[in-house]
Amino acid sequence: MPRANEAIEQALLEFADLLSILSEDPFKPRAYEKAARAVGGYPEDLTGKDLKEILEVPGVGKSIGDKIHEFLTSGTITELEALRAQIPGGVRDLMTVPGLGPKKAFALHGELGIGSVDDLAIAIGEGRVAGLKGFGPKTQENILRGITQIASAAGRVTLGVAMDAAKDVIARLRDLPGVGKIAYAGSLRRMCETIGDVDILVASRHAAPIMDGFVTHPAVTRVLGHGDTKSSVLVEHGLQVDLRVIPAQVWGAAMIYFTGSKAHNVRIREMAVRVGLKLNEYGLFDAKTGELLAAKTEEAVYAKLGLPFIEPTLREDRGEVEAALAGALPDLIQERDIRGDLHTHTDLTDGVASLEEMLDAAAARGYAYLAVTDHAPDLAMQRMTTEKILDQRERLRALQPRHPAMKLLHGAELNIGPEGELDWPDEFLAGFDLTVASVHSHFTQSREEMTRRVLRAIENPHVHIIGHLTTRKVGGRPPVDLDLEAVFEAAGRTGTALEVNAHPDRLDLKDEHILWAKRHGVRFAIDTDAHATTHLDLMRFGVATAQRGWLTKADVINAWPWSKLERSLKPR
Ligand code: DGT
Ligand code: CA
Ligand code: CA
Ligand code: ZN
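A few points on the structure. (Residues numbered from 1 in each chain as written. Chains lettered and ligands numbered in written order. Predicted model: local features only at pLDDT ≥ 70, side-chain atom pairs only at ≥ 80, totals over all residues. Heavy atoms only, no water.)

Quick word on the side chain of His535
Here is step 1 of the chain: Tracing the sequence through the fold places His535 in the loop between strand 17 (524-527) and helix 23 (539-548).
Here is step 2 of the chain: Residues in contact with His535, not counting those within four places in the same chain, are Thr528 and Ala530. (Helix = DSSP H or I, 4+ residues; strand = E, 2+ residues; numbered from the N terminus. Contact = heavy atoms within 4.5 Å.)

Structural data, given as structure tokens:
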């Protein structure tokens, strides 16, 4: 089963959201938010824990602890239900639009009687919303973008959610008798940013007991189909999981077929046809005689087509077949190439782990360096001060001897202000080993303003990395409006690295942007932006996204040895 922590985190975040609408107290919602994050990042599964154990989670006091305990024992929180009941359904529906907060939702509902997302789109189209205070053309445009995004994300989940579900199903099926190979294929294996459904393949000669084990999995909420060789179910988040049982002799051909993408399959099938072959999920055949030429492994099938193995993250028909034919496939960055994380937080700001815990967790991953980059003062709610960050620097330096194999870097995540200004003057910035600069506010500036703002940060010699450039959330907040061509040109010219934020809710830069930026000679930093020790493991999603952007380890500064990275951090 998935950990209870994520469900609790969601419930507490909703609690915080509802409180921020319904109560005047600005601090209470923050306490719930902080506790939610702490539970989400807590290494231990809270399932079955008693109140005393729950109170060991940092940031969880008696009142929140009671609610968590209630959730664990009954599956719900009475007070949360009561809060939900106080918000009109129409307002809640409107709040599902990314970028539409509670205040605006209440105004639309109360003053114009708009009670659904569909109504809202119509009302904007008819010009009815324009009369409302605070709903200028820019705001309306943002709302419409948000609505479009909901439509295109409908029925899909993030990579992180799909990966958890797939692992959960595979863990249970793996031990069933008769299960040989088992693996996920489809968009999940290609590590796409959103997943429509999870495709799992099992090699076995006895499908029936495997199908039975699958459809009775405790995570299954509905059985859509229960067949001899294929079954489909729904699990949490309405996610569909398809399971196919195939003979082991055709494993490779089936894996290629069901990994896709469809466009990649079409390309290689056409290649086969041109030389008198036939390719399908059962193998590669001589079209005339029907003789089976290859099927057992992906390598064998590709080889008979005259191709080297093509990594799943490249199989999007973006030139990988041509590159493979020319012997010019990129030597893709791998997770083992990553030598450190350059964007991480501690409990000095909104992280949930202490400095010591973060360092220990990074050391356990075998990192050669780690940058601690807590938020800077201009993000007011984090209450950072110059004194606090200097004190942290001293503590970090004092901890260095405990980590002889890992270079500790003291940094900060700076805020790129609306004019491109940063939190501290240059002299102070020069004192950091490394800085990340990110946009955290004023998301709706015009393209010209936003581009000027980001370019100023890129040109600042004390900025080493631009964090989550577009600020988009997958299936949530839309990206800011930026002249990416100008940004990538400047980043390439100055050597300021662009982040590939590994969090599956962000994946920012995303694959297409990485490909585009790479053409300008941009350097990248694949970072987790960890707010908990467990988040350091999200690195794999960042690496996969970098692979989808065709990056090699030479492109990625945190795959460089410390001596090379150190040289690149000197002010330009
Ligand atoms: P998704 O589920 O929308 O995130 O994306 P996929 O790529 O997982 O698509 P899905 O689940 O419909 O199918 C899994 C793979 O099966 C797909 O990547 C390629 C293969 N496939 C499905 N339909 C076709 C087809 O009509 N022709 C070919 N050549 N391959 C197909
Ligand atoms: Ca799929
Ligand atoms: Ca499917
Ligand atoms: Zn951050």
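A closer look at the coordination of the zinc ion (ligand 4)
Here is step 1 of the chain: Protein coordination of the zinc ion (ligand 4) is provided by His343 (NE2), His345 (NE2), Glu413 (OE) and Asp529 (OD), with donor distances spanning 2.1 to 2.2 Å.
Here is step 2 of the chain: Taken together, the four donor atoms coordinating the zinc ion (ligand 4) and their angles of 82 to 170° define a geometry best described as irregular. (Donors = N, O, S within 2.8 Å, 3.2 Å for Na, K, Ca; no water. Tetrahedral: all angles 85-135°; square planar, octahedral: opposite > 155°, others 65-115°.)

Observations concerning the pattern of salt bridges
Here is step 1 of the chain: One pass over the full model with this rule turns up 29 salt bridges.
Here is step 2 of the chain: Notably, a salt bridge pairs Arg447 with Asp481, separated by 3.3 Å at the nearest N-O pair. Taken together, the positions of Arg447 in helix 20 (residues 447-459) and Asp481 in the loop between strand 15 (465-466) and helix 21 (484-494) put the pair 34 residues apart, joining distant regions of the chain.
Here is step 3 of the chain: By relative accessible area, Arg447 is classed as partly exposed at 38%.
Here is step 4 of the chain: Of the residues examined, Asp481 reaches a relative accessible area of 24% and is grouped as partly exposed. (Salt bridge = Lys/Arg side-chain N within 4 Å of Asp/Glu carboxyl O. Buried < 20%, exposed > 50% of the residue type's maximum accessible area, 1.4 Å probe, protein only.)

What to know about the pairing of strand 12 (residues 369-375)
Here is step 1 of the chain: Most of strand 12 sits out of view: seven of its seven residues are buried.
Here is step 2 of the chain: By the bridge criterion, two bridges tie strand 11 (residues 340-341) to strand 12 in an arrangement that is parallel. Residue Asp341 lies in a different strand from strand 12, and its bridge partner there is Leu370.
Here is step 3 of the chain: Viewed along the sheet, the connection from strand 11 through helix 17 (residues 355-364) into strand 12 turns out right-handed.
Here is step 4 of the chain: Sheet topology places strand 12 next to strand 13 (residues 407-415); seven bridges connect them, and they run parallel. Bridge assignment links Val372 to a residue of strand 13, and that residue is His410.
Here is step 5 of the chain: Assessed by its sense of winding, the connection that carries the chain from strand 12 through helix 18 (residues 386-399) to strand 13 is right-handed. (Pairing = 2+ DSSP bridges. Right-handed = clockwise from strand over helix to strand, strands pointing away.)

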